[in-house]
Amino acid sequence: MTQLDEAVARYHRLLENETVRTSGWLENVREQMAEQRLFVNGRPVSPVLRPHFISRRQYTNLMKTAELINTAIERVRTMALENPALMARMEMLPAEKMLAQVDPGYAAPVAALLDTQVNNGSLHMTGSQADLPSGVLYNEALSNIFYDTLPVKDIRKRFKLSKTGGSKPLVQALLKAWKQFGGSKEPVIGVLEFKQAFETAESHESLLLVELFEKNGYRAEIVSPDQLEYRDGRLYAGETALDVVYRNLRAHEFLMRFDLRHPLVRAYRERKVCVVNSFRTELTRKRALLALLTDPEVNKGFPAAERHAIADAIPWTRVVTLGKTTAPDGTTVDLPEYLLKHREEMVLRPNDDTNDELPSWDGSATSDQAWDRAVRTAVRASYVAQKRVPDHPVSFPVDLYGDIVYRDLNVEVHPHAFLGKVQGCSARISAAGGFSTLTGMAPAFILETKA
């Protein structure tokens, strides 16, 4: 039994202990989550009753690999911006391409995530997101809440537990970007989102983000694109002149409602407002980025350490088109034909991770006929094919109407990157084997032997 297995088994036994069960610790957790508004659409941000533990060795390996992959991503983004042929392979909308060409006034994305599966000695990164890292905000709050609960206190008697990062680097990265942009005063920050009449995950994140900036001494408010005006060389939300706009909505959402004459775009193109994350980071959101990263013709000039990290951590990925490509074994193959022959090894996913209208397909769970239709659909639409990474479900206790039950859940560990520097991580859980309401965050802790 590994150290992690021992800790999980001990934690689960504690939950069955009568003293722990009647101590009121779970009720206290739910109360604290409610006080801190850690609920989305009426459900707790974390549906599970124990943290996700990772070993110090896993964490160190994760940070090292994520740093190399993150640097490689920046190389590919730069190459695509300078090379129209590579940019075309990203399959971006024309307006997205135009916005990506605008220099935001600072370097790497202020905040980004990498989607990673960690299982014993293996590590696979299946995507990247240049987003508001909700994991930073939620993980910090959840870790603080769980750290002093009765079962976690017992685990801390036997093992050393360390939190996996907080929100401080996010604030520091935003301020550094603002200074690189040319800002010299304390910025007024607008957190941009589409305001809804009902609660959404985005509105919760935006509110927490505003509170974070205010706690650090900066004026901040939630703003909507409909509020914005560009006049006298400044971007306004009502009567408030904004210096920094934290873009908590995605480019395709924005472009579905507005064109490139919108006040935000005009101010952005004329370098009158610092937009975080910039529209340039939409390249990072496309899964086609992974196809470029894993293409030996693209990465052949990368440092050896980065190429090794890509080969070890990123599954083979290709944009689905008619034509030839390099297979995982280095041979040249017809891509659609290869996908049909290797159904059980492959998955098909939309190029844009925000496109909810297009389905994903797992070849191992799809019939030959359905897979044939899926490949034909993927050729016509904007899809990537990716070598399947097997799931490794983990048993978690959950609160089911007051009873503790156990469910097998998949865990993704998300390294956080701030202006290109990887600092900390968070854990996201989802139901194994299909749709379920059991999705959300789990507080993440590094677990190691006490000295």
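*Asks:* Whenever I open this one, the side chain of H52 confuses me. Can you help?
*Replies:* Within the secondary structure, H52 is located in strand β3 (residues 52-55). For H52, a relative accessible area of 11% corresponds to the buried category. When near neighbours in sequence (up to four residues on either side) are disregarded, H52 contacts F396, V411, V413, A427, A442, P443, A444 and F445.

*Asks:* Just to check I follow, could you spell out the sheet that holds β3 for this structure?
*Replies:* Paired through their backbone hydrogen bonds, the strands of a sheet run either parallel or antiparallel. If you walk across this open sheet you meet the three strands as β3-β24-β6, and the pairing is mixed. The open sheet has two free edges, formed respectively by β3 and β6 (159-163), since each of these has just one partner strand. Direction aside, neighbouring strands of the sheet carry axes that sit 40° apart on average. Alignment of β6 against strand β24 (residues 444-449), held across five bridges, turns out to be antiparallel. By the bridge assignment for β24, L161 is matched with L447.

*Asks:* Can you help me understand unusual backbone geometry in this one?
*Replies:* In most cases, non-glycine residues show a negative phi, while peptide bonds are predominantly trans. Cis peptide bonds are those with omega within 30 degrees of zero, and the linkage from V276 to N277 qualifies with -15°. With respect to the helices and strands, N277 occurs in the loop between β13 (274-276) and α13 (282-285). The phi torsion at R271 lies on the positive side, around 60°, for a residue other than glycine. In this fold, R271 is placed in the loop between α12 (263-269) and β13. Positive phi, normally seen in glycine, also occurs at L419, with a value near 50°. Relative to the helices and strands, L419 is located in the loop between β21 (403-418) and β22 (421-431).

*Asks:* Explain the sheet that holds strand β11 (residues 240-242) to me, please; I cannot follow it from the model alone.
*Replies:* Pairing is antiparallel across the open sheet formed by three strands, whose spatial order is β9-β10-β11. Both outer strands of the open sheet, β9 (228-231) and β11, are each paired with one neighbouring strand and no more. Strand-to-strand, the axes of this sheet are offset by a mean angle of 40°, without reference to chain direction.

*Asks:* What is the right way to read the packing of helix α3 (residues 25-35) against helix α7 (residues 134-147) from this model?
*Replies:* Two packed helices can be described by the angle between their axes and the distance between those axes. The interhelical angle for the contact between α3 and α7, taken along N-to-C directions, is 150°, at an axis separation of 10 Å. Between α3 and α7, the interaxial angle falls into the category roughly antiparallel. Seen along the crossing, α3 lies across α7 with a hand that is right-handed. Together, W25, V29, Q32 and M33 of α3 and L142, I145 and F146 of α7 make up the contact between the two elements. Grouping the amino acids of the contact of α3 with α7 by side-chain chemistry returns six nonpolar, one polar and no charged.

*Asks:* What should I look at first to understand the packing of aromatic side chains in this one?
*Replies:* The relative placement of two aromatic rings is captured by the distance of their centres and the angle of their planes. According to the stated counting rule, one finds 10 aromatic pairs in the structure shown. Ring geometry for F194 against F258: centres 6.3 Å apart, planes inclined by 20°, an arrangement best described as stacked. Here F258 lies in the loop between α11 (251-257) and α12 and F194 lies in the loop between β7 (189-192) and α10 (201-215), a separation of 64 residues in the sequence. Taken as a pair, F194 and F258 share a single burial class, namely buried. Taken together, the ring pairs in this structure connect F194, F254, F258, Y268 and F279 into an aromatic cluster. A cation sits over an aromatic face here: R247 above F279, 4.5 Å from the ring centre. Above the ring of F194, the side-chain terminus of R257 is found at 3.8 Å from the ring centroid.

*Asks:* Just checking my understanding: could you explain the pairing of β21 for this structure?
*Replies:* The side chains of a regular strand alternate, residue by residue, between the two faces of the sheet. The pairing of strand β4 (residues 112-119) with β21 spans three bridges and is antiparallel. Residue pairing for β21: L113 is matched across the bridge by H416. Sheet topology places strand β20 (residues 394-400) next to β21; seven bridges connect them, and they run antiparallel. Across the sheet, the residue bridging to D399 is I404, located in β21. One ladder, built from nine bridges, connects β21 with β22; its direction is antiparallel. Following the sheet pairing, F418 is matched in β22 by K421. Linking two consecutive strands that pair antiparallel, namely β21 and β22, is a turn of two residues; a positive phi of about 50° is found at L419 within it.

Reading guide: rules and limits
Residues numbered from 1 in each chain as written. Predicted model: local features only at pLDDT ≥ 70, side-chain atom pairs only at ≥ 80, totals over all residues. Heavy atoms only, no water. Helix = DSSP H or I, 4+ residues; strand = E, 2+ residues; numbered from the N terminus. Buried < 20%, exposed > 50% of the residue type's maximum accessible area, 1.4 Å probe, protein only. Contact = heavy atoms within 4.5 Å. Pairing = 2+ DSSP bridges. Axes fitted to C-alpha atoms, helices over the stretch in contact; angles between N-to-C directions. Parallel < 35°, antiparallel > 145°, perpendicular 65-115°, else oblique. Left-handed = near helix turned anticlockwise from the far one by under 90°. Nonpolar A, V, L, I, M, F, W, Y, C, P; charged D, E, K, R; others polar. Phe/Tyr/Trp six-rings, centres within 6.5 Å; stacked < 30°, edge-to-face > 60°. Lys NZ or Arg CZ within 6 Å of the ring centre and 35° of its normal.

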